[in-house]
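# Understanding the architecture of this molecule
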Amino acid sequence: MAEPWFTTAFGAHYRALYAHRDAEEARRCLALLRGAGALLPPVLDLGCGDGRHLQALTAADGPLGLDLSAPLLAEARKRVPGARLLRGDMRSLPLRDASLGTVLSLFTAFGYFADDAENARPAAEAGRVLRPGGHWCLDLFDGDRVRAELGDGRPRPRDRSSGPLAVREVRRFDAATATVGKQVEVRPAPGQAAEAAALGISGDGLAYREMVRVYTLPEVDDLAAGAGFRRVAAWGGYAGEPLGGGSRWLLVYRRGAVQEPA
Ligand SMILES: C[S@@+](CC[C@H](N)C(=O)[O-])C[C@H]1O[C@@H](n2cnc3c(N)ncnc32)[C@H](O)[C@@H]1O
């Protein structure tokens, strides 16, 4: 069977493609969550990537990161020496029931799987590993904005270069599955063969198709409720914009005392 897209997309080249998603952005996001009292220790960064959010946590937060990508975990290890890092799948966490205070699912580390039942599994796992009163902080792109921009179903191509990589991306919304697909082709930029090869991108390039669920806010709330959560705070961006006033949905859910079946 073919590898799922998220094992290809989050390889060694991923950081070079999204270099603007940096430590400063991560710091602002966590400052907002901390200011609202959302960070209760121990804190799991679920889909921690290269560790940019872990870097902005303190020892008192009891930080722990989990990701599926070996190259990104290796970056996280360099970036946050001594951090507790686990390699695993967000659908089945190697952690005890009710053992955590916060689960972070940041920068759309959510909605990657084939159907809604599968996409609900990380939420159910967050509910399982959080103690009652614990928080699940979910940071998604604003689904209403994506529908407004791409809802007509027409493909949106874009060519760009990022560090040593030349990238062609074609985004397209599929109403039948409520997903946004992104066909990505990555090649070495002219004269950058050695630098690109160090990121795993040879002359042949790499092509894959990302597929991410585009939720409505009531759908996210329902999915969270199914895992025993109630929404207690929400912003539209990392500067604390109101919902709809930015490009993100940064949502804080609290786990109830009695967990409902997922
Ligand atoms: C969009 S990136 C966000 C990374 C990080 N939260 C950040 O803000 O930089 C999504 C992350 O989820 C990880 N991921 C994808 N599928 C996963 C899975 N099934 N289980 C665990 N991690 C996964 C990827 O490797 C990647 O690091």
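Every value quoted in this text rests on a predicted model; they were computed, and no experiment measured them.

With 7 bridges joining them, strand 6 (residues 156-162) and strand 7 (residues 165-174) adopt antiparallel strand pairing. Its bridge partner being in strand 7, Ser-162 is matched across the sheet by Leu-165. Pairing of strand 7 with strand 8 (residues 179-188) involves 10 bridges; the strand directions are antiparallel. Among the inter-strand pairings, Arg-172 is bridged to a residue of strand 8, identified as Gly-181. Hairpin remark: strand 7 followed by strand 8, antiparallel, with 4 residues in the connecting loop; positive phi at Ala-178, about 50°.

The environment of the ligand is made up of 18 residues, and the closest members are Phe-10, Gly-47, Gly-49, Ser-69 and Phe-107. Taken together, the residues of the shell around the ligand sort by class into 10 nonpolar, 4 polar and 4 charged.

Buried residues dominate strand 2 (residues 63-67), accounting for 5 of its 5 residues. Residues Pro-63, Gly-65 and Asp-67 of strand 2 are buried on one face, and the alternating residues Leu-64 and Leu-66, pointing to the opposite face, are buried as well. The pairing of strand 1 (residues 43-46) with strand 2 spans 4 bridges and is parallel. From the neighbouring strand, Asp-45 faces strand 2, where its bridge partner is Gly-65. With 4 bridges connecting them, strand 2 and strand 3 (residues 84-87) associate as parallel partners.

Take the sheet that holds strand 8 next. The strand order across the open sheet built from 4 strands is 6-7-8-9, with neighbouring strands paired in antiparallel fashion. Every other strand in the sheet has two partners, leaving strand 6 and strand 9 (206-213) as the edge strands with one partner each. Each adjacent strand pair in this sheet contributes to an overall mean axis angle of 20°, direction not counted. Each of strand 6, strand 7 and strand 8 touches helix 7 (residues 143-150); the most contacted strand, strand 7, lies at about 90° to it.

Tracing the sequence through the fold places Asp-152 in the loop between helix 7 and strand 6. For Asp-152, a count of 11 C-beta atoms within 10 Å puts it in the exposed group. For Asp-152 and Arg-172, which are 20 residues apart along the polypeptide, the C-alpha to C-alpha distance reads 8.9 Å.

Let us now look at helix 4 (residues 70-79). Buried residues of helix 4: Leu-72, Leu-73 and Ala-76, and no others. Projected onto a plane normal to the axis of helix 4, the buried residues spread over an arc of 100° and lie on a single side. Exposed side of helix 4, more than 90 degrees from the buried face: Ala-70 and Lys-78 are the residues found there. Lining the buried residues of helix 4 we find helix 2 (14-17), strand 2 and strand 3.

Per the domain assignment, the segments of the protein are domain 1 (5-144 + 216-255) and domain 2 (145-213). Each of domain 1 and domain 2 has a C-alpha centre, and the two are 23 Å apart. With 18 residues of domain 1 at the interface, the matching set in domain 2 holds 19 residues. The set of elements that each furnish at least two residues to the side of domain 1 that touches domain 2 consists of helix 1 (5-9), helix 2 and helix 7. Among the elements that take part in the side of domain 1 that touches domain 2, helix 1 stands out by supplying 3 residues, more than any other.

As summarised here, the arrangement of the 7 strands in space is 3-2-1-4-5-11-10, forming an open sheet in which the pairing is mixed. With one partner strand each, in any of the chains shown, strand 3 and strand 10 (229-235) form the two edges of the open sheet. The mean inter-strand angle of the sheet, taken between neighbouring strand axes irrespective of direction, is 20°. Of the strands in this sheet, strand 2 and strand 3 touch helix 4, which is tilted by about 175° from strand 3. Running over the sheet, helix 9 (residues 217-226) touches strand 5 (130-141), strand 10 and strand 11 (248-255) and is turned about 140° from strand 10.

Judged by nonpolar contacts, the single largest core of 58 residues is most densely connected at Leu-44, Leu-46, Val-103, Ala-126 and Trp-136. The two domains that each donate at least three residues to this core are domain 1 (5-144 + 216-255) and domain 2 (145-213). Those residues in contact with Trp-136 that lie beyond four places of it in its chain are Val-103, Ser-105, Ala-126, Leu-130, Phe-229, Tyr-253 and Arg-255. Grouped together as the second largest cluster of nonpolar side chains are 5 residues, Val-186, Ala-196, Leu-199 and Ile-201 included.

What counts as what
Every residue gets a number counted from 1 within its own chain, in the order that chain's sequence is written. Note on the predicted model: pLDDT of at least 70 is required for a residue's local features to be given, and 80 or more for side-chain atom pairs to be given and counted; whole-chain, interface and lining totals, by contrast, use all residues. Strands pair, by our definition, only if DSSP identifies at least two bridges between them. Secondary structure elements are defined from DSSP: runs of H or I of at least 4 residues count as helices, runs of E of at least 2 residues count as strands, and each element is numbered from the N terminus. Each residue receives a C-beta atom placed from its backbone. It is near a molecule or strand if this atom lies within 6 Å of it. Charged means Asp, Glu, Lys or Arg here, nonpolar means Ala, Val, Leu, Ile, Met, Phe, Trp, Tyr, Cys or Pro, and polar covers whatever is left, Gly included. Three exposure classes are used, based on other C-beta atoms lying within 10 Å of a residue's own C-beta, which is placed from the backbone: buried for 20 or more, exposed for 12 or fewer, and partly exposed in between. Angles shown run from 0 to 180 degrees and are taken between the N-to-C directions of axes, each axis being a line fitted to C-alpha atoms and, for helices, limited to the stretch in contact. For the purpose of contact definition, each residue receives a C-beta atom placed from its backbone, and two residues are in contact when these atoms lie within 7 Å. Of all possible arcs, the one meant is that of the directions from the helix axis to the C-beta atoms. The domain limits used here are those given by an automatic or database domain assignment. Residues of type Ala, Val, Leu, Ile, Met, Phe, Trp, Tyr and Cys that are buried and joined through C-beta atoms within 7 Å form what is called a nonpolar core.

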